[in-house]
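# What the coordinates show
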Amino acid sequence: MSTLAKSLVCRIQLAVNALSRRRRNMSTVGAAARFHAATSAESLPDPHNVSNKLDDETIEAIVTRLEERGEDPVFRSLFNYFDMIPSDARVLEVGCGTGVMSRALAKHPGFEGSITGVDQCIPFLEVAKKKAEEAGCDMSVTNFIEGDAHDLQ
């Protein structure tokens, strides 16, 4: 991995961590989970590791959160790095969820590459595909496929 790519990954992770901390501090669900963890010997699973096994109500709540996060100014500031991605890049977004980042990159001025979003949750992928089509993404180069990041080699 090039120095530029390592720097980009590091900066993205720092921004995501900052956003996650901010959201976690404001999140009722996060507070409930922390209360549960503090008062129970049983730990809650990371919903992203089991997103393919969640009930419809939970999936709907996560879809809503992913889409709202996609509108958050701190999260959207990550998109400033799209200019560093070669215009003809073949991009793989692992754990794409509802495809917020994929859609934004597909619509980014000058980007003419291809994007494949991978997620293990079929309902997330259905939303990703629908929203990409609604956003006017070129679906011949914007794909969403089922897959588990834990199985990548």
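A brief report on the enclosed structure follows. (Residues numbered from 1 in each chain as written. Predicted model: local features only at pLDDT ≥ 70, side-chain atom pairs only at ≥ 80, totals over all residues. Heavy atoms only, no water.)

## Observations concerning the environment of N52
Its place among the elements puts N52 in the loop between α2 (28-39) and α3 (56-69). Classification of N52 as partly exposed rests on a relative accessible area of 40%. As a C-alpha pair, N52 and Q120 span 68 residues in sequence and 5.7 Å in three-dimensional space. (Helix = DSSP H or I, 4+ residues; strand = E, 2+ residues; numbered from the N terminus. Buried < 20%, exposed > 50% of the residue type's maximum accessible area, 1.4 Å probe, protein only.)

## Some thoughts on the nonpolar core
F75, F79, F82 and F144 are the most contacted members of the largest nonpolar core, which totals 18 residues. Elements supplying a minimum of two residues to this core: α5 (100-106) and α6 (122-134). Examining the composition of this core, we find that five residues originate from one element, α5, more than from any other. Not counting chain neighbours up to four residues away, the residues in contact with F144 comprise C96, G99, S102, G117, L125, A128, K129 and A132. (Core = buried A, V, L, I, M, F, W, Y, C linked by side-chain atoms within 4.5 Å. Contact = heavy atoms within 4.5 Å.)

## Focus on α3
Here α3 contains 14 residues, and its C-alpha end-to-end distance of 20 Å stays within 8% of the 20 Å for a straight helix at 1.5 Å per residue. Looking only at α3, the buried set comprises I59, I62, V63, L66 and E67. Mapping the buried residues of α3 onto a view down its axis gives an arc of 130 degrees, with all of them on the same face. For α3, the exposed residues lying more than 90 degrees away from the buried face are E57 and E68. Taken together, the buried residues of α3 touch α5 and α6. Two to three positions downstream of the cap, the backbone nitrogen of E57 sits 3.1 Å from a side-chain oxygen, assigning the N-cap of α3 to D55. (Expected span 1.5 Å × (residues − 1). Arc of directions from axis to C-beta. Polar contact = N/O pair within 3.5 Å; in protein donor to acceptor, adjacent residues only side chain to side chain.)

## As for the state of the cysteines
Using the criterion set out here, one finds zero disulfides in the structure. As a non-bridged cysteine, C96 has C121 as the owner of its nearest cysteine sulfur, 9.8 Å distant. According to the relative accessible area criterion, C96 is buried, its value standing at 6%. (Disulfide = S-S within 2.5 Å.)

## What about the pattern of salt bridges?
Side-chain pairing between opposite charges can occur once the charged atoms of the two side chains come close. As enumerated under the stated definition, the model contains two salt bridges in all. In this structure, E67 engages R103 in a salt bridge whose closest nitrogen and oxygen atoms are separated by 2.7 Å. Separated by 36 residues along the polypeptide, E67 in helix α3 and R103 in helix α5 bring together distant segments of the chain. The class of E67 is buried, set by a relative accessible area of 16%. Looking at R103, the relative accessible area reads 12%, which means it is buried. When the shortest N-O distance is used, the salt bridge between E134 and K130 registers 3.6 Å. Within this pair, E134 and its partner K130 are both found in helix α6, separated by four residues, close to a single helical turn. Overall, E134 belongs to the exposed group, its relative accessible area being 55%. (Salt bridge = Lys/Arg side-chain N within 4 Å of Asp/Glu carboxyl O.)

Everything listed here is a matter of geometry and, on its own, says nothing about what the molecule does.
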